[in-house]
Amino acid sequence: QVQLVESGGGLVQAGGSLRLSCAASGRIFVGNTMGWYRQAPGKQRELVATITNSGNTNYADSVKGRFTISRDNAKNTVYLQMNSVRPEDTAVYYCNRYSSPITWIDYWGQGTQVTVSS
């Protein structure tokens, strides 16, 4: 069964922090590079960060130095630590396996809303 459950979003003031979690089914998680994506109102979904099965990470320029992606392979869970958040980080955040292009992904979880107030 394919399953993605994101959590941890909420309302935060600019400059604050949030930690997102994503529990994934083994079919999606095990052995795969995982990513966090986000979609702001009126914009396309974009890739924010990725982490390989061995822990190598990569970040979009817009979040580099502020966000940290990590994973717990024993729990099939991926995390996103968001520090120094900005109003432009406001979006629904999703996790999934890494894919380029994003359109090749045919299943998404419900996402978790992050709202940053100025």
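Check the entry above for the structure.
All values reported here derive from a predicted model rather than from experimental measurement. (Residues numbered from 1 in each chain as written. Predicted model: local features only at pLDDT ≥ 70, side-chain atom pairs only at ≥ 80, totals over all residues. Heavy atoms only, no water.)

**Some remarks on the environment of glutamine 3**
- Here glutamine 3 shows up in the segment before β1 (4-7).
- In sequence terms glutamine 3 and serine 21 are 18 residues apart; their C-alpha atoms lie 14 Å from each other.
- With sequence-adjacent residues up to four places away left out, glutamine 3 is seen in contact with Ala23, Ala24, Ser25, Ile28 and Tyr107. (Helix = DSSP H or I, 4+ residues; strand = E, 2+ residues; numbered from the N terminus. Contact = heavy atoms within 4.5 Å.)

**Focus: the sheet that holds strand β4 (residues 34-39)**
- With respect to topology, six strands assemble into an open sheet ordered β2-β10-β9-β4-β5-β6, the strand pairing being mixed. Pairing within the sheet leaves two strands with one partner each, and these edge strands are β2 (10-13) and β6 (57-59). Averaged over neighbouring strand pairs, the angle between their axes works out to 25° when direction is ignored.
- One ladder, built from three bridges, connects strand β5 (residues 46-51) with β6; its direction is antiparallel. (Pairing = 2+ DSSP bridges. Axes fitted to C-alpha atoms, helices over the stretch in contact; angles between N-to-C directions.)

**Describing the pairing of strand β3 (residues 18-24)**
- When you tally the buried positions in β3, you get five out of seven residues, the bulk of the element.
- In this sheet, strand β8 (residues 77-82) lies alongside β3 in antiparallel orientation, the contact comprising six bridges. Each residue of the ladder has a partner; that of cysteine 22, found in β8, is valine 78. (Buried < 20%, exposed > 50% of the residue type's maximum accessible area, 1.4 Å probe, protein only.)

**Regarding the nonpolar core**
- In this structure, Trp36, Phe67, Ile69, Val78, Leu80, Met82 and Tyr93 are the most contacted members of the largest nonpolar core, which totals 27 residues.
- Of all the elements in the fold, those that place two or more residues in this core are β3, α1 (26-29), β4, β5, β7 (67-72), β8, β9 (91-97) and β10 (112-117).
- Broken down by element, the residue count for this core peaks at four residues, all from β3.
- The contacts of phenylalanine 67, once residues within four sequence positions are left out, are Arg38, Val48, Tyr59, Leu80, Gln81, Met82, Asn83, Val85, Asp89 and Tyr93. (Core = buried A, V, L, I, M, F, W, Y, C linked by side-chain atoms within 4.5 Å.)

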